[in-house]
Amino acid sequence: MSIRRVWSLISGDLRLGFRSPVILWVLIMPFVITFLLQVVFVALFNPEPRICIYDSGESDIVSALERVEGIRLSHAGSATELEEYIENNNADLGLIIERGFDQAVRNGQKPELEYFFSGGSLTSNRIVISLLVLDVLREIENREAPIEVILRTGDEEETIPLARKLIPAIVLFVLIITGIFVPAFLLVEEKEHGTMKALLVTPVTVSDILFSKALLGFTMTVTMCLITLALNGALSGQPLALLATIVAGAVVCNAIGLIYGTVAGNAKTLYTLVKSLNILLAGPILFYLFTGLPQWIAKIFPTYWFIDPLYSITLKGADFSDVYFKLIIALVIGILLGIAVVPMSRRMQRKLVE
Amino acid sequence: MNQSLLATDLSYSYGDLKAVRGISFDLKPGEILGFLGPNGAGKSTTIKMLTGLLTPDTGSIHILGNEMTVDDPEVQARIGVCFEEKNLYLNMTGRENLKFFSSLFGLKNYDTDTLLRKVDLAQRADDRVSKYSKGMRQRLMMARAIINSPDVLFLDEPTDGLDPVSSRTLRNVIKQQAERGAAVLLTTHDMWEADELSDRIAFLNEGKLFAVDTPDNLKMKYGKRSVKVRLGNGSNVRIELAAADAGDRIKELINSGNVMTIHTEEATLEDIFIEITGRGLDV
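Draft legend 1. Main features of the sheet that holds strand β13 (residues 259-264) of chain B. All names here are of chain B. Sheet architecture is open: three strands sit in the order β12-β11-β13, paired in antiparallel fashion. In this open sheet, the two edge strands, each paired with only one partner strand, are β12 (236-240) and β13. The mean inter-strand angle of the sheet, taken between neighbouring strand axes irrespective of direction, is 20°. Bridging between strand β11 (residues 226-231) and β13 involves five bridges; their strand directions are antiparallel. Residue K228 lies in a different strand from β13, and its bridge partner there is H263.

Next up, the structure:
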């Protein structure tokens, strides 16, 4: 194997890669997935409580609510507009604050405050908003709360937001798509277009070709995973442990990618392989999403040995010393799979030429 | 060094099918050896063995004094191969294809313009190959094959199905390569091309090599020594040159003033191939 020839092959792939829709998809995928995660899971499953106010005076309630984080506040121009707003479920709660309401509260006159709840609002949001408004009213009245609320979390895992729980799944997705698909796709393209045969009558060897595809796949995989983690705010805390985990994952996925690439003779076969077998590779994710399942089953999957460290680091705050053993197992699996590529590549070469 | 290539007792089978059966030949620097044979004769399989793509079942190959094995970068750096199928990078331009392959041979700052001019592609050098015609792609394949100024050049049906202009361009390139000193092995089933280009012809049929000689010697050996005289009344007279009265008969016909044309009855390579193998070249 020659470093110069490997670099030449990588340069060629890079030149071609930016003209391939598949490689371009791999490059933009972390951004698309993160966007989907933020929009769908954060906005849909963890929506912020929404309040709409019509203030006919200049109530301090409005300014107090404007200072509160974690809610979305909007203003209506009239009482009718507010009612329409609520009817259309554009806000969870509507408040009409009459002129002189604040003064009446301060005078202890107990004025009426009407809540307009949207039929489509979540009960949790109604409770949050109601308590919040009561708190603000107490602030205006200059009264202390009669009780002190102490927050205690129950099952730690249950308190992790879904969007964050999904981060290991997204990174695995990026690992599988980039780590497996890139080297496999590049190999299959060379075979399908006959260019591999053209390469093999130059000083380039099969080892040069395999190594160049794996190296390009590895570099892209690590880069895309780090970008994904950064976009999802999961890179802080244990960057070195995360990097080690991603490296181990990339080694395993690249080796699987080379196996796919040597076995598949054309793109159609490759897509079939990816579709049928990648579901199995993503298996460990099920055990994190559904914690009631017997966890030992997850260890059967080769991907478990880097997904579990990833999960532990990103969600449980584990450090390198907690995960290094599993990462060694992942690397060993990757190396064994890489060794298995050697006889497969010989078979591939023979089939290709005959 | 007398031989650029020496193939000894080469055989290869695809399962039960024996594609090449114990063939031996050699190739000298500057020589063009035409492998003539119909489809399925074993020409492409022979080239695959000679270029290190296939390992022969039996026999040995020596190129420039080195034994050829599969994946041998040192030998492969000194050969050039032009395949029958068009295997170029379609999403690269013609120039990028050549730059890329020059980098694989370790050639720095390679002058692609000269090479592209040689195959009449300078005007389309920066177009993607996917926009090239069949003839243009084949010319680019030829340019790629000679990018490293190979000592041994293998050409597998290089002009098959091309227009006359592209074919002529490629034939000129082949001649230039031989003049430069490259040994050229050319497979074709076009007997006219083989006759025009080859210093020696090898007939290959069903994996066996039947005759290896110069075109003239083959014609002498297997052709008929006769002339065909066409007369003014539309009839033809054949005169065997070996006959004792051949000279007198020709003189007599000419003196009669009735002769329209006289043609030598030299055998074509196809005639010789049929005579030797019992089958045609286009089978």
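Now that the structure has been shown, we can carry on.
Draft legend 2. Inspection of the environment of K224(B) at higher detail. All names here are of chain B. With respect to the helices, strands and loops of the structure, K224 is situated in the loop between α8 (215-222) and β11. Separated by 16 residues in the primary sequence, K224 and E240 have C-alpha atoms spaced 8.2 Å apart. Ignoring any residue separated from it by four or fewer positions in sequence, one finds K224 in contact with E265, E266 and A267.

Draft legend 3. Structural view of unusual backbone geometry. Of note in this structure, K110(A) is not a glycine but carries a positive phi near 50°. Following the sequence through the fold, K110(A) ends up in the loop between α5 (101-106) and β4 (115-117). The phi dihedral of L64(B) is positive, around 55°, even though this residue is not glycine.

Draft legend 4. Highlighting the domain arrangement of chain B. Each domain of chain B was delimited in the assignment, giving domain 1 (5-216) and domain 2 (224-265). Taking only C-alpha atoms into account, the centre of domain 1 of chain B sits 44 Å from that of domain 2 of chain B.

About the thresholds
- Residues numbered from 1 in each chain as written.
- Chains lettered and ligands numbered in written order.
- Predicted model: local features only at pLDDT ≥ 70, side-chain atom pairs only at ≥ 80, totals over all residues.
- Heavy atoms only, no water.
- Pairing = 2+ DSSP bridges.
- Helix = DSSP H or I, 4+ residues; strand = E, 2+ residues; numbered from the N terminus.
- Axes fitted to C-alpha atoms, helices over the stretch in contact; angles between N-to-C directions.
- Contact = heavy atoms within 4.5 Å.
- Domains from an automatic or database assignment.

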